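Per-entry structural report
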Amino acid sequence: SSTDEIYYLTILHTNDNHGRFWHNEKGEYGMAARKTLIDQLRNEAKQKGHAVLLLSGGDINTGIPESDLQFAEPDFKGMSLIGYDAMAIGNHEFDNPLSVLKQQQQWANFPLLSANIIDKQTGKNAFEQYKVFDKQGLKIAVIGLTTTDTAKIGNPQYIGGLEFKEPVAVTQALADKIKQQYQPDITIAVTHMGHYVDANYGINAPGDVTLARSLEKNTLDMIIGGHSQEPVCMASENTNDDNFKPGMACKPDQQNGTWIMQAHEWGKYVGKAEFKLENGQLTLLDYKLLPVNLYIHQEQADGTTKPVLANEYITPNPELKAFLADYQAKGAKQIEGKIGYVDAKLEGDRNKVRYQQTNLARVIITAQMNTVGADFGIISGGGVRDSIAAGEVSYKDILKVHPFKNRIAYMDWQGQDLWDYLEVVTRFPPDSGAYLQYHKLSFERSDNALTKMMINGQKLDKSKTYRMSINSYNASGGDGYPVLVTRKGYVSTDETDAQALKRFFTENSPVKASEFAPQ
Ligand code: ATP
């Protein structure tokens, strides 16, 4: 750009798509309506002479069976048709083998960026780090970043060969290098690190606020984020606007001169930021979180509430809708129909299954024990992602419980080694994803040590061999479990956790929930 001219820029953004290429049963969000809105915003911006950039804060993968079963092909192709310019690689992009992520990069006609992921073998960056765009005379650098928590919560089977580096140092060095090489007018980080108000990131890895505060001033003009799945709307400095609802005004965060923006999740909103660049000075003219056919509860005169649209109805783009409808139908076909029955709720709610033994965990473990002929079995509570309601059970219900496509495996233990292993895994506290769910196993601990153990009601015989069922996630070190995959006695099958559970229901329905009640 030349210094004496005034330039305008519109940034459009979404994040944490999580398989939501299709609208929900109420008609909320969905990529076809998103395209209509974005086409309109892009046209308006171009008419006003703005450069336009459309970014995503990542986590395209995992959350809806129709998408998961097709490895998010409709989501990545839908984003391409909407015209995304770039996205950050999120932790859930590692829920599948790296070969799938490679395929997804092929489906996308825009780059999947991350500057802080290193291939341990080569020592080089595993992904494209940044891209410099030329739009309407403006040079805009976009750097991708991924939460270092991916190393902790991601699937060790797939991320074992990758190192997730601290974003601050990576960003400072890279932004300096890009500035030298390209002299961009604007520098943006598109991140999947989370926005934590006033940098209170708690047990999570530091997020966007920490990044903005730690960098030298003027390193980044803005951070377009994801991961925490909140609308970033501030009431005042370092205070969140807890009253934000669809359709209301939203003030993004600003830290150390860097704007921080995030559009909640699932394509519920499109974020729109309009900037003016004059003499190297970037000014935010307007910011909006535009709802995509979201309903709010409106209070009526008689005191009751009624759901009403928060925005004027957005007609889904017909071509994109038709394109995605084929995927939706194909996905739905794979999961339709009843596969079994259960007479009462099987408990998999997050606030139960990470705290106490539940009937659903026992059903799951029984299914996995059956697959490999095990004496007992374990899983980590965090791996149970949903409950199953009383009544007919569909494959879709199963896939909500097990979205990750883990393989069922077993370990043949010598008694003493088993004792040592259980000494570790029975220690994980409640309120963590690692919390142990177990079946046909009982134990006692005192003074922080294992004192007693029974397998299937019998005292552990240290001279005997026992077979334990486990999934490939925990066996490869997921949730901090000791790594088994490299040990003698470990065998993995090709059956996934969802297939095992599905088979259990087809073979054992009607399932009586009380038979699986934890004692
Ligand atoms: P995000 O916050 O990015 O959406 P998330 O929702 O998966 O990530 P949590 O809700 O904290 O984060 O869940 C993490 C837990 O999920 C882990 O502790 C683990 O128990 C479970 N988990 C994650 N990935 C897998 C996997 N591939 N297989 C089985 N369990 C998994």
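All values reported here derive from a predicted model rather than from experimental measurement.

What about the domain arrangement of the protein?
When the domains of the protein are assigned, the result is domain 1 (8-332) and domain 2 (338-516). Using C-alpha coordinates to define each centre, domain 1 is positioned 35 Å away from domain 2. Between domain 1 and domain 2, roughly 1100 Å² of surface is buried when both sides are summed, and carbon and sulfur atoms account for 58% of that area. When the buried surface of domain 1 facing domain 2 is broken down by residue, P65, P156 and Q157 rank first, second and third, together holding 39% of it. Applying the counting criterion to the domain 1 and domain 2 interface returns three residue pairs in polar contact (both at pLDDT 80 or more). Looking at the side of domain 1 that touches domain 2, the elements that each hand over two or more residues are α2 (65-68) and α6 (156-159). Looking at side-chain class alone, the side of domain 1 that touches domain 2 contains six nonpolar, five polar and three charged residues.

Quick look at the sheet that holds strand β24 (residues 441-446)
Spatial ordering of the open sheet is given by β24-β25-β26, a layout of three strands whose pairing is antiparallel. Strand pairing shows two members of the sheet lacking a second neighbour, β24 and β26 (458-459), which therefore form its edges. Summarising the sheet, β24 and strand β25 (residues 449-455) pair through six bridges and their orientation is antiparallel. Bridged to S446 within β25 is A449. Contacting β24 and β25, helix α13 (residues 415-425) runs over the sheet at an angle of about 120° to β25.

So, the environment of E299
When you line up the elements, E299 lands in strand β17 (residues 295-299). Spatially, the C-alpha atom of E299 lies 28 Å from that of P252, the residues being 47 residues apart in sequence. The residues contacting E299, other than those within four sequence positions of it, are T304 and T305.

Some thoughts on unusual backbone geometry
Of note, the amide linkage connecting S509 to P510 takes the cis form, showing an omega dihedral of 0°. Among the structural elements, P510 can be located in the segment after α15 (497-508). Look at D198: it is not a glycine, yet its phi comes out positive at around 55°. Relative to the assigned elements, D198 resides in the loop between β9 (186-192) and α8 (208-214). D198 sits in the partly exposed class, given a relative accessible area of 31%. The backbone phi angle of N448 is positive, close to 60°, even though this residue is not glycine. When you line up the elements, N448 lands in the loop between β24 and β25.

Overview of helix α7 (residues 167-182)
Each α-helix turn comprises 3.6 residues. Residues three or four places apart therefore point the same way. When the terminal C-alpha atoms of α7 are compared, their 21 Å separation across 16 residues agrees well with the 22 Å that a helix rising 1.5 Å per residue should span. Taken residue by residue, α7 has P167, V170, T171, Q172, L174, A175 and I178 as its buried positions. Against the buried residues of α7 lie β6 (130-135), β7 (138-146) and α8.

Thoughts on the sheet that holds strand β14 (residues 258-261)
The strands making up a sheet are joined through hydrogen bonds of the backbone, oriented either antiparallel or parallel. Ordered by their spatial adjacency, six strands build an open sheet running β6-β7-β9-β10-β14-β13, and the pairing between neighbours is mixed. This sheet does not close on itself; its edge strands, each paired only once, are β6 and β13 (253-255). Strand-to-strand twist of the sheet, defined as the mean angle between neighbouring strand axes without regard to direction, takes the value 25°. Taken together, the three bridges between β9 and strand β10 (residues 222-224) define a ladder with parallel strand orientation. Its bridge partner being in β10, V190 is matched across the sheet by I224.

Topic: the packing of aromatic side chains
Taken as a whole and assessed by the stated rule, the structure comprises 13 aromatic pairs. Their ring planes at 70° and their centres at 6.0 Å tell us that F94 and F127 sit as a pair that is edge-to-face. Placement of the pair is F94 in the loop between β3 (86-88) and α4 (98-107) and F127 in the loop between β5 (117-119) and β6, with a sequence separation of 33 residues. Taken together, F94, F127 and F164 form an aromatic cluster joined through their ring pairs. The ring of W266 has R20 sitting right over it, with the charged end atom 3.7 Å from the ring centre. Lying across the ring of Y410, R467 places its NZ or CZ 3.7 Å from the centre.

So, the pattern of salt bridges
Between side chains of opposite charge, a pair can form when the charged atoms approach closely. Tallied over the full model, the rule gives 21 salt bridges. Between R467 and D412 there is a salt bridge, with its nearest N and O atoms 2.8 Å apart. Of this pair, R467 sits in strand β27 (residues 465-471) while D412 sits in strand β22 (residues 407-414), and the two are 55 residues apart along the sequence. The class for D412 is partly exposed, based on a relative accessible area of 26%. Residues E423 and R445 are paired through a salt bridge, measuring 3.3 Å at the closest nitrogen-oxygen approach. With E423 in helix α13 and R445 in strand β24, this pair connects stretches of sequence that are 22 residues apart. The exposure class of E423 is buried, given its relative accessible area of 18%. Three or more residues are tied together by salt bridges with common partners; here these are K345, E347, D349 and K352.

Rules of the game
The residue numbers shown here count from 1 along each chain, following its written sequence. Only residues with pLDDT of at least 70 are given local features in this predicted model, and only at 80 or more are side-chain atom pairs given and counted; all residues enter the totals for whole chains, interfaces and linings. Computation of side-chain values covers all heavy atoms of the structure but excludes hydrogens and water. An automatic or database domain assignment supplies the start and end points of every domain. Buried area is calculated as the accessible area (1.4 Å probe) missing from two parts once they are joined, with the contributions of both summed. Residues adjacent in sequence count toward polar contacts only when both atoms are side-chain atoms; beyond that, a polar contact is any pair of N or O atoms within 3.5 Å, and within protein one must be able to donate a hydrogen and the other to accept it. Strands are runs of DSSP state E lasting at least two residues, helices are runs of H or I lasting at least four, and both sets are numbered from the N terminus onward. Here the nonpolar group is Ala, Val, Leu, Ile, Met, Phe, Trp, Tyr, Cys and Pro; Asp, Glu, Lys and Arg are the charged ones; every other residue, Gly included, is treated as polar. The criterion for strand pairing is that DSSP finds at least two bridges linking the strands in question. Between two residues, a contact is recorded if the distance between any of their heavy atoms is within 4.5 Å. Note on method: axes are straight lines fitted to C-alpha atoms, helices fitted across the in-contact stretch only, with angles between N-to-C directions ranging 0 to 180 degrees. Burial classes: relative accessible area under 20% of the type maximum marks a residue as buried, over 50% as exposed, and values in between as partly exposed (1.4 Å probe, protein chains only). Multiplying 1.5 Å by the helix residue count minus one yields the expected span of that helix. For this analysis, a ring pair means two rings from Phe, Tyr or Trp (six-membered ring only for Trp) whose centres lie within 6.5 Å, classed as stacked if their planes differ by under 30 degrees, edge-to-face if by over 60, and tilted for the remaining angles. A ring is considered to have a charge above it if a Lys NZ or an Arg CZ atom is located within 6 Å of its centre and within 35 degrees of its normal. The salt bridge criterion pairs a side-chain nitrogen of Lys or Arg with a carboxyl oxygen of Asp or Glu, the two atoms within 4 Å.

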